[in-house]
Amino acid sequence: MNRFKTSKFKNTTPKIAKKDGWINNVRAGSFSCQGNHIKASSKLVAFNTEQAGGGMLGLSSVKPGSDGQWTVTQISCHSDLVTDMDFSPFDESLLATCSGDETVKLWRLCDPELQQPSNPELTLRPGQGRLELVIFHPTSSGLLAVGTTNSPLIWDTGRQDAPLAVLEQHSDHLQSLSWKQDGSLLASSCKDKMLRVFDPRAQLTPVQSAKSLQSNKDSRILWTKEDFLLTTGFDMMRSREVRLWDRRKLSSSVSTVSLGTSSGTLIPLFDDDTGLLTLAGMGDTVVDCFEVSTSEPLLSQVSHCLTDTSTRGVAMVPKLALDVMSCEVMRVLQLTDSCIVPISYQVPRKHSGQEFHEDLYPDTVGTTPAMSAEEWWQGGNKQVEKVSLHPDKQPKTKAPPAKQVPAKKELASRGSKEDQARGCSTSSSPLSTPSSSAAPSRSPSSTSGLSSGFLPSPSPSQSAKAIHSLLGPTSKFRHIQGSIMHRDTHITNLRGLNLTTPGECDGFCVNRQRVAVPLAISGGQIAIFERSQPGRLPDTSLPTIQNSVNVVDLSWDPFDTHRLAVAGDDAKIRVWQVPEGGLTETLTEPELILQGHTEKIYSIKFHPVASGLLVSSSYDLTVRLWNLDSGEEVKLLTGHQDQVFGMAWSPDGKLLATVCKDGKIRIYDPRKSTTPVQEGPGPEGHRGARVVWVCEGKYLLASGFDSRSERGLWLYSADSLSSGAVASALVDISPSTLIPFYDPDTSVVILTGKGDTRVHIYEMVPDAPHFIECSSFNSPEPHKGLAFLPKTECNVRDVEIAVGLMLTKTTIEPVAFSVPRVKKEFFQDDVYTDTAVCWEPALTASAWLSGSNGQHKKISLKPKDMTPVSEAPKEAPVRKYLPSHVYLEEKTDEQKKDELLSAMVAKLGNMDDPLPQESFEGVDEDEWDD
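Computed from a predicted structure; not experimentally measured. One numbering rule holds for all chains: residues counted from 1, following each sequence as written. Totals for whole chains, interfaces and linings use every residue, but because this is a predicted model, local features are given only for residues with pLDDT of at least 70 and side-chain atom pairs only at 80 or more, for both listing and counting. Heavy atoms throughout the structure, all of them, feed into the side-chain values; hydrogens and water do not.

Asker: Sorry, what's going on with the overall build of the protein chain here?
Answerer: The helix and strand inventory of the protein chain stands at 7 helices and 67 strands. Out of the 930 residues in the protein chain, the part that is buried amounts to 52%. Contacts were defined at the residue level, with two residues in contact if any of their heavy atoms lie within 4.5 Å. For the protein chain, contacts bridging at least 24 residues in sequence account for 54% of all contacts bridging at least 6. As displayed, the protein chain has an accessible area near 42,700 Å², and 49% of this comes from carbon and sulfur atoms. In this text, helices come from DSSP runs of H or I with a minimum length of four residues, and strands from runs of E with a minimum of two, each type numbered from the N-terminal end. Relative accessibility decides the category of a residue: with a 1.4 Å probe and only protein chains considered, values under 20% of the type maximum give buried, values over 50% give exposed, and everything between is partly exposed. Note on areas: Shrake-Rupley with a 1.4 Å probe; residue coverage comes only from the protein chains shown.

Asker: I keep staring at the sheet that holds strand β40 (residues 551-557) and nothing clicks. Help me out?
Answerer: The strands that make up a sheet are held in pairs by hydrogen bonds between backbone atoms, and each pair lies either parallel or antiparallel. Here a strand pair is declared whenever DSSP counts at least two bridges between the two strands. The strand order β40-β41-β42-β43 describes an open sheet built from 4 strands, whose pairing is antiparallel. The two strands at the open ends of the sheet, each matched to only one other strand, are β40 and β43 (592-595). Going across the sheet, the axis of each strand differs from the next one's by a mean of 20°, ignoring polarity. As paired strands, strand β41 (residues 560-568) and strand β42 (residues 572-577) are joined by 5 bridges and run antiparallel to one another. The angle between two axes is taken between their N-to-C directions and runs from 0 to 180 degrees, where each axis is a line fitted to C-alpha atoms and a helix contributes only its stretch in contact.

Asker: Sorry if this is basic, but what is going on with the nonpolar core here?
Answerer: One recurring pattern in soluble globular proteins is that nonpolar side chains are buried together. For our purposes a nonpolar core is just a set of buried Ala, Val, Leu, Ile, Met, Phe, Trp, Tyr and Cys residues, chained together by side-chain atoms within 4.5 Å. If you look at the biggest cluster of nonpolar residues, it comprises 24 residues, and the most contacted ones within it are Leu276, Val329, Tyr345, Leu360 and Tyr361. Take this core: its biggest share by element is 3 residues, from strand β28 (residues 328-335). Look past the residues within four positions of tyrosine 345 in its chain and what remains in contact with it is Thr12, Thr13, Pro14, Thr278, Val287, Cys289, Ser303, Cys327, Glu328, Val329, Met330 and Val332. Counting 23 residues, the second-largest nonpolar core is a separate cluster that includes Ile480, Phe777, Phe788 and Val799.

Asker: Can you help me understand the pattern of salt bridges in this one?
Answerer: Pairing between side chains becomes possible if they bear opposite charge and their charged atoms approach one another. Any Lys or Arg side-chain nitrogen located within 4 Å of an Asp or Glu carboxyl oxygen qualifies as a salt bridge. Overall, the coordinates contain 40 salt bridges when judged by the stated rule. Note that aspartate 192 and arginine 196 form a salt bridge whose closest N and O atoms lie 2.8 Å from each other. Ionic pairing is found between arginine 624 and aspartate 620, a salt bridge with its closest N-O pair at 3.5 Å. Exposure remark for aspartate 620: the relative accessible area of 15% places this residue in the buried category.

Asker: What is the right way to look at the environment of aspartate 80 in this model?
Answerer: Residue position: aspartate 80 is located in the loop between β5 (73-76) and β6 (82-88). Residues aspartate 80 and glutamate 102, spaced 22 residues apart in sequence, show a C-alpha to C-alpha distance of 8.8 Å.

Asker: Please clarify how the pairing of strand β4 (residues 56-61) should be interpreted in this entry.
Answerer: Across a regular strand the side chains alternate sides, sitting on one face of the sheet and then on the other. In terms of burial, β4 is a largely internal element, 6 of the 6 residues being buried. Residue alternation in β4 divides its side chains into two sets, Met56, Gly58 and Ser60 and Leu57, Leu59 and Ser61, and both sets are buried. Where strand β3 (residues 44-48) meets β4, 5 bridges bridge the pair, whose relative direction is antiparallel. Each bridged residue has a counterpart across the sheet, and for leucine 44 the counterpart in β4 is serine 61.

Asker: I would appreciate a short explanation of the environment of serine 673 in the present structure.
Answerer: By secondary structure assignment, the location of serine 673 is in the loop between β51 (664-668) and β52 (678-681). Any pair of nitrogen or oxygen atoms within 3.5 Å is treated as a polar contact; in protein, a donor-acceptor pairing is required on top of that, and neighbouring residues in sequence qualify only through side-chain atoms on both sides. Separated by 3.0 Å, the side chains of serine 673 and threonine 675 make a polar contact.

Asker: Looking at this structure, I do not really get unusual backbone geometry. What am I missing?
Answerer: Trans peptide bonds make up most of the peptide bonds, and negative phi angles are found at most residues other than glycine. Looking along the chain, the bond that leaves glutamate 296 and enters proline 297 is cis, with omega of -10°. Backbone torsion omega between alanine 768 and proline 769 reads 10°, so that peptide bond is classified as cis. Summarising the element assignment, proline 769 is placed in the loop between β59 (758-764) and β60 (771-773). Residue alanine 571 is not a glycine yet carries a positive backbone phi of 70°. Within the secondary structure, alanine 571 sits in the loop between β41 and β42.

Asker: Can you help me understand the packing of aromatic side chains in this one?
Answerer: Where two aromatic rings form a pair, the distance of their centres and the angle of their planes describe that pair. Under the pairing criterion, centres of Phe, Tyr and Trp rings, with the six-membered ring standing for Trp, must be within 6.5 Å; the plane angle then separates stacked pairs below 30 degrees from edge-to-face pairs above 60, leaving the rest tilted. Here the structure, examined in full by the defined rule, presents 10 aromatic pairs. Their ring planes at 10° and their centres at 4.1 Å tell us that phenylalanine 741 and phenylalanine 788 sit as a pair that is stacked. On the criterion of sequence distance, the pair formed by phenylalanine 741 in strand β57 (residues 739-743) and phenylalanine 788 in strand β62 (residues 785-788) is long-range, its members being 47 residues apart. Plain terms: the ring middles of phenylalanine 788 and phenylalanine 817 are 5.9 Å apart, the flat faces sit at 35° to each other, and that makes the pair tilted. One end of the pair, phenylalanine 788, is in strand β62; the other, phenylalanine 817, is in strand β64 (residues 812-818), and 29 residues separate them in sequence. Here phenylalanine 817 falls in the buried class, since its relative accessible area comes to 0%. One aromatic cluster in this structure is built from Phe741, Phe777, Phe788 and Phe817. In this scheme, Lys NZ or Arg CZ marks a charge over a ring once it lies within 6 Å of the ring centre and within 35 degrees of the ring normal. Seen from the ring of phenylalanine 234, lysine 217 lies directly overhead, with NZ or CZ sitting 4.2 Å from the centre. Above the ring of phenylalanine 705, the side-chain terminus of arginine 687 is found at 5.1 Å from the ring centroid.

Asker: How should I be thinking about the sheet that holds β6 in this particular structure?
Answerer: Reading across from one edge, β6-β7-β8-β9 is the order of the 4 strands in this open sheet, with antiparallel pairing throughout. A strand with exactly one partner marks an edge of an open sheet, and here the two such strands are β6 and β9 (122-124). With direction set aside, neighbouring strand axes in the sheet form an average angle of 20°.

Asker: I'm lost on the side chain of threonine 231 in this one. Help?
Answerer: With respect to the element layout, threonine 231 can be found in strand β20 (residues 228-234). Using a relative accessible area of 2% as the deciding quantity, one classes threonine 231 as buried. The residues contacting threonine 231, other than those within four sequence positions of it, are Leu195, Leu213, Arg220, Ile221, Glu241, Val242, Arg243 and Trp245.

Asker: Would you mind going over the confidence of the model for the protein chain with me for this structure?
Answerer: Do not read the predicted coordinates in detail wherever pLDDT is low. Here the protein chain shows a mean pLDDT of 84. Residues at 70 or above account for 86%. For every residue, the predictor states its confidence as a pLDDT score lying anywhere from 0 to 100. In this model residues 397-423 is a low-confidence stretch, pLDDT under 50, and it forms 28 contacts with partners more than four residues away in sequence or in other chains. Low confidence marks residues 425-472, where pLDDT is under 50. Its contacts with residues over four positions away, or in another chain, come to 100 contacts.

Asker: Would you take a moment to explain a nonpolar patch on the surface for this structure?
Answerer: To count toward a patch, a residue needs a relative accessible area over 30% and no salt bridge; like charges are then connected within 9 Å, while nonpolar side chains (Val, Leu, Ile, Met, Phe, Trp, Tyr) are connected within 5 Å. Where nonpolar side chains cluster on the molecular surface, the patch consists of Leu900, Leu901 and Met904 and spans about 290 Å² of accessible area. Of the residues examined, leucine 900 reaches a relative accessible area of 54% and is grouped as exposed.

Asker: Hey, could you run me through the environment of asparagine 498 in this one?
Answerer: Along the chain, the position of asparagine 498 falls in the loop between β34 (491-492) and β35 (509-510). The sequence separation of asparagine 498 and phenylalanine 508 amounts to 10 residues, and the corresponding C-alpha distance is 9.5 Å. The residues contacting asparagine 498, other than those within four sequence positions of it, are Pro518, Leu519 and Ala520. Here the side chain of asparagine 498 touches threonine 500 through a polar contact of 3.0 Å, side chain to side chain.

Quick look at the structure:
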């Protein structure tokens, strides 16, 4: 009779959310690891991203914010790929991650709109190589199963020094782990085709094992109902298959389903309450749903859902977050390359949305742990107390009014008042779990919003600070676009470029009229290209500047487009004068030679305000200031203990900042002291760094490396360097130093490294979060440098905010960075503030040295024939349709009759018109006689 028993879930229907219900701005990567790439709690969603080589995770929320939109943020977790992650079943904000950097970390996450923690609550270091898997125990708090390459570990997070158990080492790569629902057994699948079942408290070797899998390709294992295990993998013909096993007899499967040939791993997700199983293949556009039963048929297909985009990972949303009033029995989140797509599984019922159907929702496991890790290890087998999903039986939580101080009892269980204000829960130990009042206790019918189509309205009690925190990160430059200009503007057929300039050098330099590029030719030769003469260079040799020694850095005078300063590895600086119209013959004699350094020079920088002032740093650990008008050294700055990575003048030209290999950032006032006036900790890495002044000179931005050699950005207050960085952001992993270009008019910083293909863009703001990430630009091939032109080179009609020249192996290509706007016929005065005339000096070198200060005058970039967008006429709304009363007004019977007759007459045509046969010609009379 069981064969013909009808299942209440046989008609379960998958419903893909509309596109406005997708979580966008996701940049999922394609990584080789054993995890599902995405996990969800009843509140948060975490997923792998392509940033930082996979070491960063994306974070969003299960339901949208008060504005109906999802906020997506990133959290830097590891120095290597995050291979797996898992949310605690007892704390919706506690996430465990493991990585190729051989660590497991526990993170106490905040809402995506808020600042995420920079440090984990706990770090475990098994010391057994790359870690592939991490799973929370289903009944005990603070207990983890961790998968190394070959062995599972059982770890009590309260005992950080060593695991509770190191289970038997597998003979090949461990592919999957799964806890039984009651927490008593742990199952594993392995590349050696073996299935193993462990009882970690009884013995370190498997209690059951069998060579059951058909192929050594990637497999997954999952506990289903009672003692049944489910595996996904490949058969001997490389077809994907699903097998159901009785764990008491692993030698043969009890049911098998084949799902065709494809190379992507099948990810299984199982709901124990309904017995529904979803299967999604990596790279597929299909999600299948089966029902698992303990009697025949053991596996029966329920649905076959076609998705719009291919799958990068899938996760199941916990039961407490479902919309039970819409008969939603399961929700799956599909991770794609650019978005997260919710797929809601609903059982069609009458009065759906009005009644709670108890037969669909048996009591489900709650969020209070049954016991501690220590109790479980001592032999405890308590089970998590089950809770009802009925909306009336759910504890109601009301949002507290603005500035309300929580009660002391609530503070004790949920963190301090400060942490409440930040929206980030804290805990003294990762083992501690929220009390029943802090558990997810919302009405399931109001949680989802997915099926009902209604989004939660903003609470009127939101404080102004909360609103500011939500709206603060928005930026008008968020969707900035980089594009390579037309080929007609390129300089091509470059040959013999010097691609091994020191890390302190930008690789080449540009000004409004010409480009200077070092060549890999003996004698330290430099090629000069006129920007007014683009095109293919001749195959014959060109006239060059012969510097006589290798070039370590070079820079154009900002106030003289003909003057080029070149630092050589002979500790000398040579100043060259390029003739009008460019080089017509090889230059061998410099205009000026500056001598004073005793060792090779690192870098040189011209003063931004005063003419004829140049600063240089050297291996002799000194920084020297030169007056080009007199050809003399005028200042010698000391205090560095190691190599000077970079220098930067403040916007007003009063101060000089340096970043050094000794891990310090220093600020000098050269006219007052030869030693630093401020000093503070800088980037920890020793591979290189750069520094630039931002936010009107109030902050210093340093790009460099952290202690794990990850590239990052650090922001320092120029008034208090000693207090350390006020904000930081890890970018990615790459060997080259990020070279920053800062546009003071827009506060946009553009960064890239020599040999990179990606250009990172951020908007800098003086208030938290300080870094607002914008769209990045990717070049088609690795570039050797990117240098920027003055603001006057931007085409304001195309809303360009920056124009740079990109150096490749054989070309120099202009790149424009523009902001997408609709009304381009108007001057975008909200984007273009008055810009400084940085190509004209504000004062002379002698005046500055004597104590005078100056500033550049400013000009508007608005063309005379353009109207500012702020003064654009307001367009009256155009009515697309006639008013409703035209359609709805009542007509009399006579009016209806007249309209009907008129329509019929129009169809028949005019009665006075001649008939067609009247125009026919007849035959002659005599023709009838025959």
